[in-house]
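Structural overview
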Amino acid sequence: MFELSERSRRYREDLLAFMDERVYPAEAIYHAQMAESGDPHFHPPILEELKTEARKRGLWNLFHPHPEWGPGLTNLEYAPLAEIMGRSAHLAPEATNCNAPDTGNMEVLTLFGTPEHKQTWLRPLLEGEIASAFAMTEPAVASSDATNIELRMRPDGDEYVLNGRKWWTSNALHKNCKVLIVMGKTDPDAPVHRQQSMMVVPIDTPGVTVLRNLPVFGYQDREGHAEVVFENVRVPRTALLAGEGDGFMIGQARLGPGRIHHCMRAIGMAERALDLMIDRAQTRTTFGAPLADRANIQDWIAESRIEIDMARLLTLEAAHLMDTVGNREARVQIAAIKVAAPQVALKVIDRAIQVHGGGGVCDDFPLANMYAHLRTLRLADGPDEVHKRTIAQMELRRRDPSWGK
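Residues numbered from 1 in each chain as written. Predicted model: local features only at pLDDT ≥ 70, side-chain atom pairs only at ≥ 80, totals over all residues. Heavy atoms only, no water.

The protein chain is annotated in an unreviewed UniProt entry as Acyl-CoA dehydrogenase family protein from Nocardia niwae.

On to the nonpolar core. Most often, soluble globular proteins keep nonpolar side chains buried together rather than apart. In terms of nonpolar packing, the biggest core is built from 86 residues, with Tyr-78 and Leu-241 touching the most fellow members. Here this core takes 13 residues from helix H7 (residues 247-283), the largest share from any one element. When near neighbours in sequence (up to four residues on either side) are disregarded, Leu-241 contacts Val-108, Leu-109, Phe-112, Gly-113, His-117, Ile-181, Met-198, Met-199, Val-200 and Ile-250. In this structure, Ala-133, Met-153, Leu-180 and Val-182 belong to the second largest nonpolar core, which totals 22 residues. (Core = buried A, V, L, I, M, F, W, Y, C linked by side-chain atoms within 4.5 Å. Buried < 20%, exposed > 50% of the residue type's maximum accessible area, 1.4 Å probe, protein only. Helix = DSSP H or I, 4+ residues; strand = E, 2+ residues; numbered from the N terminus. Contact = heavy atoms within 4.5 Å.)

Opposite charge on two side chains makes pairing possible when the charged atoms of those side chains draw close. Following the criterion strictly, the structure yields 29 salt bridges and no others. A salt bridge links Arg-7 to Glu-77; the shortest N-O distance between them is 2.8 Å. Of the two residues, Arg-7 is situated in helix H1 (residues 6-37) and Glu-77 in helix H3 (residues 75-86); the sequence distance between them amounts to 70 residues. A salt bridge links Glu-227 to Arg-165, with the nearest nitrogen and oxygen atoms 2.9 Å apart. Here Glu-227, found in strand E7 (residues 225-236), pairs with Arg-165, found in strand E3 (residues 159-170); they are 62 residues apart in sequence, far enough to count as distant. Residue class for Glu-227 comes out buried when judged on its relative accessible area of 8%. Judged by its relative accessible area of 38%, Arg-165 falls in the partly exposed class. Several salt bridges converge on common partners, so that one network encompasses Glu-83, Glu-271, Arg-305, Asp-309 and Arg-312. (Salt bridge = Lys/Arg side-chain N within 4 Å of Asp/Glu carboxyl O.)

Our focus in this paragraph is unusual backbone geometry. A cis geometry characterises the amide bond from Ala-100 onward to Pro-101, with omega recorded as 0 degrees. Its place among the elements puts Pro-101 in the loop between helix H4 (92-95) and helix H5 (102-112). One non-glycine residue, Asn-97, lies in the positive phi region at around 60 degrees. Along the chain, Asn-97 falls in the loop between H4 and H5. For Asn-97, a relative accessible area of 4% gives the class buried.

Looking at where Gln-196 falls in the secondary structure, it is placed in strand E5 (residues 196-202). Here Gln-196 falls in the buried class, since its relative accessible area comes to 0%. Contact partners of Gln-196, with chain neighbours within four places excluded, come to Ala-146, Thr-147, Met-183, Gly-184, Lys-185, Thr-186, Gly-245, Asp-246, Gly-247 and Phe-248.

Glancing now at a positive patch on the surface. There is a patch of like positive charges on the surface, built from Arg-328, Arg-331, Arg-389, Arg-397 and Lys-405. The exposure class of Lys-405 is exposed, given its relative accessible area of 81%. (Patch = residues over 30% accessible without salt bridge, like charges linked within 9 Å, V, L, I, M, F, W, Y side chains within 5 Å. Areas by Shrake-Rupley, 256 points an atom, 1.4 Å probe, with all protein chains shown as cover. Lys, Arg positive; Asp, Glu negative; His and termini not counted. Charge placed at Lys NZ, Arg CZ, Asp CG, Glu CD.)

Right, dumping it as structure tokens:
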């Protein structure tokens, strides 16, 4: 069922070669350039070199499912490519213009943007000339329930006036970030899922203030996770995506493919962590024998292989169902992978950290950074509890269609 298509196989081979020949060797250069800059949000030249090389090799915008803008791969065809990129998650996705949140924002602009939006923002994003951010989460409410969003988008003549506060606006501190896609309420009195709208807001619009970057377990991620205040921000009515009240619908369309991308990248991180664990176990000796000879280490390696393969198959099933029956019919599987993939990856990385000893918790190896990144994934795009609730409700209704009505 999940056999790779011919074009997916070709992209996979080309991407693996790109990783071996250019991306992995560039990791040390990337870290050196970041350290030398003294700026946690510095845009290192090595990244632009990788982007140029990726374009030369035809490894560009691989995520985009619309043939007009990308290769037009299905979710199932793209999934193994996202896994490979996840093995160097801080470099490979952006090097191929397949990094979040730009991927989701590009899909939103493709599906719901006006011709003006596409010319002004989508084309530069597809060219890798600018970056974008997605402003949804808010500090004052439980944003896992999008109906709680409070940022107000009040119509005023030919404009909307935006007031509110967002945080965890990833990419907002990227040196090339030029535009935000913002979710807020246009009509608090409308039905609960018709109150929200999304708008395109240039980041330099008067009244938009990036207050601070939020560290992740002490890490200052290069793209940043910003707290942003909107104070009487005026945008034209043409900033609206789709129509008033369509924000929730747009969000659902955006998050389905994004969850496949996130989960497959998580599996890629887990695969790299397993490789690192094995290498360390085979080269370290304790009490007269290699770590790899210890029964508990062999147990960790075996469990990791089993869990990674299970998470991969579950994610590929979700991708297949999205392609064949649609996102709505794949809700249980999409929710399931969002719970399973980060948890599996965290378990594998935790074992790898333990095998590395003190080295596992410092930055001489990528494991600590991987762990911090993946722990946030259990919250991003909805926390585990929200996805489990979806699964439970669907299962209860499967046995009793009248349940909860």
